[in-house]
Amino acid sequence: MVVDPRDIRAKFGDDYVATDDTFRLGIDTRFTKHFAARFIGRVVLETCTGAGFTTIALAEGFLDSCPPFDSAFLDPDWAVSGPGHMYRFRNSNMRPPADLLLRSVLARTHDVAIVLPPLVDTGELADLPPHECERLFLGAVHELYCLYFGTLARTHGPTEWRQ
């Protein structure tokens, strides 16, 4: 598929940077099945589906009026970029900002999973509540991180999953 950069800007805004990897805007189904196994039998809030634009629009006041849920799966859009972009957890330009999103949802439930890009400095995660920091691979390529909090964490500290 060849996508015209003007179409990307028209759909996602001027700051969105699309490469072959980021334009896919989806997580490999091998990852989604892996994540889903931890959520069996739960009432799950899922945010940031797709590029996260609807989540951004709903974020103001949404959590206050949201029906009850016992766990959450968060996948902020890390393809958003702009001047001076760095893959960061804190003070990032992810949409919505990962640290603020996580803090808001952890205030409602301790059972949270959040997907982060593979280039995030895990040192930025050190002062978070106890969590499992899973590195996910397809073959030899580190594709992303997933942090699990509360009862979704099988252990505390680093783990790996390879497919």
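So, a few notes on the structure that sits alongside this text.

What counts as what
Residues numbered from 1 in each chain as written. Predicted model: local features only at pLDDT ≥ 70, side-chain atom pairs only at ≥ 80, totals over all residues. Heavy atoms only, no water. Phe/Tyr/Trp six-rings, centres within 6.5 Å; stacked < 30°, edge-to-face > 60°. Helix = DSSP H or I, 4+ residues; strand = E, 2+ residues; numbered from the N terminus. Buried < 20%, exposed > 50% of the residue type's maximum accessible area, 1.4 Å probe, protein only. Lys NZ or Arg CZ within 6 Å of the ring centre and 35° of its normal. Salt bridge = Lys/Arg side-chain N within 4 Å of Asp/Glu carboxyl O. Pairing = 2+ DSSP bridges. Polar contact = N/O pair within 3.5 Å; in protein donor to acceptor, adjacent residues only side chain to side chain. Contact = heavy atoms within 4.5 Å.

1. A look at the packing of aromatic side chains
- Counted according to the given criterion, the structure contains three aromatic pairs.
- When the ring of F39 is compared with that of F73, the centres are 6.1 Å apart and the planes differ by 85 degrees; the resulting orientation is edge-to-face. Note that F39 is positioned in the loop between α3 (29–36) and β1 (44–47) and F73 in strand β2 (residues 71–74), a separation of 34 residues in sequence. Residues F39 and F73 agree in their burial class; the two are buried.
- The rings of F35, F39 and F73 are connected pair by pair, giving a single aromatic cluster.
- Above the face of the Y148 ring, R38 is positioned so that its terminal group lies 3.6 Å from the ring centre.
- The lysine or arginine in question, R162, covers the ring of F137, its NZ or CZ lying 3.7 Å from the ring centre.

2. Focus on the environment of F149
- Take F149: it is sitting in strand β5 (residues 141–149).
- Judged by its relative accessible area of 1%, F149 falls in the buried class.
- Distance from F149 to D111, taken between C-alpha atoms, is 5.3 Å for residues 38 residues apart in sequence.

3. Structural notes on the pattern of salt bridges
- Counting across every chain of the model gives seven salt bridges.
- Residues R42 and D111 are paired through a salt bridge, measuring 3.2 Å at the closest nitrogen-oxygen approach. A residue pair is termed long-range when its members are at least 10 positions apart, and R42 in the loop between α3 and β1 and D111 in the loop between α5 (98–106) and β3 (112–116) qualify at 69 residues.
- Accessibility expressed as a relative area gives 13% for D111, which makes it buried.
- Among the charged side chains, a network of salt bridges with common partners joins R38, E132 and E134.

4. Things to note about the pairing of β1
- Of the two faces of β1, only one is covered, namely that formed by L45 and T47; the face formed by V44 and E46 stays uncovered.
- The pairing of β1 with β2 spans four bridges and is parallel. Counted as the bridge partner of E46 is F73 from β2.

5. Remarks on the side chain of H131
- Along the chain, the position of H131 falls in strand β4 (residues 131–138).
- Under the relative-accessibility criterion, H131 is labelled buried at 12%.
- A polar atom in the side chain of H131 sits 2.9 Å from the backbone oxygen of P129.
- The contacts of H131, once residues within four sequence positions are left out, are L125, L147, Y148, F149, T155, H156 and G157.

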